[in-house]
Each structure stands twice: as structure tokens, then as C-alpha cells.
Amino acid sequence: MGLLNFDSMTETGPAVKLPEHVVGLRCLVCGKLYPSGRVGYVCPHHGDEGILDVVYDYARIRANIERNPHRLDGAGMWRYSALLPLRDNTCLPLPHVGATPLYDVPGLAGALGLQRLWVKDEGRQPTGSLKDRASALAVAMALSAGFDTITTASTGNAAAALAGMSAGLGMKPVIFVPASILPAKIAQLRVFGAITVLVDGSYDQAFDLCLEASRYFGWYNRSTGFNPYMTEGKKTVVYEIMEQVAQAGDVVDSIIVGAGDGCILGAVHKGLQDMLALGWIEQMPKLFGVQAEGSDYLYQAWKTGADVYTAPPIHTHGIADSLMAGLPQDRLKAMAAVRSTGGAFIRVSDDEILEAIPTLARGSGVFAEPAAAAAYAGLVCAVASGQIEQGERVALISTGSGLKDIASAIASVDRESQALLRCSPDLSSLQNVWQGTFVV
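Procedures and definitions
Residues numbered from 1 in each chain as written. Predicted model: local features only at pLDDT ≥ 70, side-chain atom pairs only at ≥ 80, totals over all residues. Heavy atoms only, no water. Helix = DSSP H or I, 4+ residues; strand = E, 2+ residues; numbered from the N terminus. Buried < 20%, exposed > 50% of the residue type's maximum accessible area, 1.4 Å probe, protein only. Contact = heavy atoms within 4.5 Å. Pairing = 2+ DSSP bridges. Axes fitted to C-alpha atoms, helices over the stretch in contact; angles between N-to-C directions. Parallel < 35°, antiparallel > 145°, perpendicular 65-115°, else oblique. Left-handed = near helix turned anticlockwise from the far one by under 90°. Nonpolar A, V, L, I, M, F, W, Y, C, P; charged D, E, K, R; others polar. Core = buried A, V, L, I, M, F, W, Y, C linked by side-chain atoms within 4.5 Å. Salt bridge = Lys/Arg side-chain N within 4 Å of Asp/Glu carboxyl O.

J.: Mind showing me how you'd approach the environment of W219 here?
T.: Mapped onto the fold, W219 is located in the loop between α6 (203-217) and β11 (220-221). When its relative accessible area of 16% is taken as the criterion, W219 is described as buried. In this structure W219 touches Y41, F147, T149, T151, V174, F176, A213 and S214, once residues within four positions along its chain are discounted.

Now the structure itself:
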């Protein structure tokens, strides 16, 4: 594995050296702050549930940026390296990660009674999902620390992202996924050359096996809700959203995104906290997490006021594979994001998710997989219930490409009455099938 660049190997993993603008890591359960280089992935007092959060020295960051106004220059997400836990930029993989488009969609906004609606299209990332942001940072940190093998558990998108970010960099990815993973997502892993372990069980079981394997073999573990730095990579999406909206001379009242493990929702909150601390924004938008009714752990806990640290896992099922998590690994961050901003968790059905796929596509040009389209289904529900008010300005994050799940895309349009047309290769045949197709 080579000479590893960390201070010590703790019982919870490698205590990787962090840059000077990082104060340390704080446990979200007990609040203990560990100085940089003194703790691994999680707080040792709470086992694998001791989720850590990266704490920054904002005064130092602000001063560094003021002294060097070009500090935010760069390609994609690496433009924000001053707000990432990287010691240097010498091993940043795939610099084109990030910088995805934000579409202003007045038609959908008007249909919902919103003042503005923007759709952030993370399906335009190299491997087709927002998870590229976290995986790029994971590979950069693993390379910096001297690891040659990196692992993760995933329902598909994080796996594909890690495989893609590792390609061509001498990093060997080992991926643990449920055996039920969609064929398109397996194809991505195999094309990128990842060692793929199909686990005959749930995502949660694949997650547990990944943790055991990483400890036994000494691999760098990228798994969401365990590695605290994944929040830091994903948070760059909201830096971009707020900058893109500001460039249009506007502000965001609410942000809505699908929530499975809860890491993206927690990451959006962390990025907004960074921006508030640095004075880049003046107000915190409300945050909304959308869950599928077959995997609604966070929704149930939010509705009942349950303690997500102790609430037991649930059984999951549904079409939105990327939202399936019986025990969301980043549930502490996700719940804090919603509760502290006055937002809400929204629960939607599989039928509502399928209906949202073509509606979002036709209204914005964004082809979303079920987990991403769930955000639009949730937005419709939130507006109908008054949780998001008429006249608000809303940013919706579409987290993954519809090409990830073609079967669900087909199912979403097969529900419509409009049929496919089929004809012979001559005009008269076309005329015959064309008659009655459109009513003028």
C-alpha cells in the first residue's frame, strides 16, 4: 500500500492529515471535537454510528481568499478547493467534475404557482450523478494518503462514480452492491474495471460487509454516512446553485432533493452553513427531503419526532433504488438540515415518481432517474400542502440521469394514452397512421 500520509491508524480508521483551514472533526452524537489527524472515520465512543462533521476555520479561509482573489479559480468543483479538506491540489482526479447547468423553468414554475423554479441537472456529471462530487474527493484524499485500494457500498450511483473517478489513476476500486442492482449500473462498474461484489442481500447488508472488509484488508473506505468527507464533496453542488442564482440577480427560498441515505441533503445544509459563515449569502433557504413511500425512515422520524440515532431500521421496497435505505447512514445530518431550516420531509408514491419523470423532462429538458424525479413529485406535494408557498423561489436538484434506469423511464410513458406510431417506409403509410393522432 505504500507510505501512507496520515498521523496514526486509529481504531476507526486512518487519521488522515488535514489542511490548516480545518480545525478538526466533531462528533454529531456527543459533540466531542477531535483535532486534525487525531481520529479516523467515526467517533470511537459511538462505534460506526459516531458520525463526524468537518469543522473549518472560516476566518482563515476568508483571509486566504481575500489575500488571493484567484483562490476560487479552477475547473468544476475544484474551484472550491479552499473549502475542501484537501492538503494540496496535486492529485485532483477528473477536474471536469461539477459545473453542471442550472435551468430556469418558467413553465413548470407557473404550473405550480411559484415565482421561480430552477432545476440543477446533476445527470450531466461524468458518470451521470451527483455522487461524482463525493467520489472525486474520496479518490483525491485516498491518493494523497498513499492508498492504492478504495471501497464503497452503494445502490449503484456512488459505485459508478467511484469506479469512474478511479479510472486511469492507479487506484483499485472494490465495490459492494446488492445483487438486485440495475443492469445499467453494473455495466458502468464493469466498463470502468471496478472489482464488483454482488451481495445477496439489501444495501444495508452490503454496507456492513464493506465496513468489515475495509478494516480487514486496510482499504480506504468512501462509504456515505461513514466517511465524513463525502459530505464535503457533495456540498459543492449548492455553492454552484447559489452562485448561479445570484448571477441571475435572485435568491432561493427553498431547496428540494431526494433523500435516501440523507447525505446529499446534509451536504446541501453544510454548504449553506459555509456560505453563511463567509458572508456569501444572507439567509438560509428551507430544505426539503423527498422520500419514497417504500423507504420513508426519515419521513416517519420527522413526522413523529423520533430520535434518529436510536430509531430502528425499516424494511424497504420501491422503484427508486437510489432512495432505498432501511437505516439512512447520514440520518443525523439530514434530520438536522430539515429541522433547523424549517423545511420538511415529503413522502411520495411510486406512481407519483413515475408521473414526475416525463413531466420534469418535458418541462425542463432534464431526463431524471426515479430517485431524481422524486424531488419533482415531492415539490408538487409540498406546494399542494402549503409547505412550499405560492410565489416562492425554489431550486430542485435532479441527482441522476434517466439513462441509469431505462425500464422505469419506459414505464413512465407506457402509462400514457398516446401510443407509438409505426408505419412502412412510405408517405401513404405514414398518412394512414397519422390520421387522428393529433386533435387541432
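Let us keep going from here.
J.: Whenever I open this one, the pairing of strand β12 (residues 254-258) confuses me. Can you help?
T.: For a regular strand, side-chain orientation follows a simple rule: the groups alternate between the two sheet faces. With 5 of 5 residues buried, β12 lies mostly within the body of the structure. Neither face of β12 is open: one carries S254, I256 and G258, the other I255 and V257, and all of them are buried. Sheet analysis places β12 next to strand β13 (residues 286-292), joined by 5 bridges and oriented parallel. Within the sheet, the bridge partner assigned to I255 lies in β13 and is L287. Both β12 and strand β15 (residues 393-398) contribute to a ladder of 4 bridges, which runs parallel. Following the sheet pairing, I255 is matched in β15 by A395.

J.: Whenever I open this one, the packing of helix α1 (residues 58-67) against helix α9 (residues 263-278) confuses me. Can you help?
T.: In helix packing, the relevant descriptors are the interaxial angle and the interaxial distance, both defined with respect to the helix axes. For the pair α1 and α9, the least separation of the axes is 10 Å and the interaxial angle reads 65°. When the interaxial angle is binned, α1 and α9 end up roughly perpendicular. Classified by chirality, the crossing of α9 by α1 is right-handed. Every residue of α9 that contacts α1 at Y58, I61 and R62 is listed here: K270, Q273, D274, A277 and L278. Along the lines of polarity and charge, the residues of the contact of α1 with α9 split into 4 nonpolar, 1 polar and 3 charged.

J.: Where do I start with the sheet that holds strand β14 (residues 344-348) in this structure?
T.: Sheet strands line up and pair through hydrogen bonds in the backbone, either parallel or antiparallel. With mixed pairing, 6 strands are arranged side by side in an open sheet as β6-β7-β15-β12-β13-β14. Each edge of the sheet is formed by a strand with only one pairing partner; in this case those strands are β6 (102-104) and β14. For this sheet, the mean angle separating the axes of adjacent strands, direction not counted, is 25°. Relative to β14, β13 is paired through 5 bridges, and the arrangement is parallel.

J.: Help me out: how do you make sense of the nonpolar core in this one?
T.: Among soluble globular proteins, nonpolar side chains are generally buried collectively. In this structure, Y220, Y229, I255, V268 and F345 are the most contacted members of the largest nonpolar core, which totals 100 residues. If sequence neighbours within four positions are ignored, Y229 has contacts with L18, L25, V54, P85, L137, M141 and Y220. Core analysis: the second largest hydrophobic core is formed by 37 residues, V290, A356, V366 and I388 among them.

J.: Before we go on, may I ask you to explain the pattern of salt bridges in this structure?
T.: Applying the stated rule across the entire model yields 20 salt bridges. Linking K185 and D321 is a salt bridge whose minimum nitrogen-to-oxygen distance equals 2.9 Å. One end of the pair, K185, is in helix α5 (residues 183-192); the other, D321, is in the loop between α10 (297-304) and α11 (331-341), with 136 residues separating them in the sequence. Taking the relative accessible area as the measure of exposure, D321 reaches 16% and is therefore buried. A salt bridge links K286 to E392, with the nearest nitrogen and oxygen atoms 2.8 Å apart. Of this pair, K286 sits in strand β13 while E392 sits in the loop between α13 (370-385) and β15, and the two are 106 residues apart along the sequence. A relative accessible area of 7% means that E392 is categorised as buried. Ionic contacts of the salt-bridge type, sharing partners, join the residues D53, E232, K235, K270 and D274 into one network.

Don't take any of this as a statement about function, it's just geometry.
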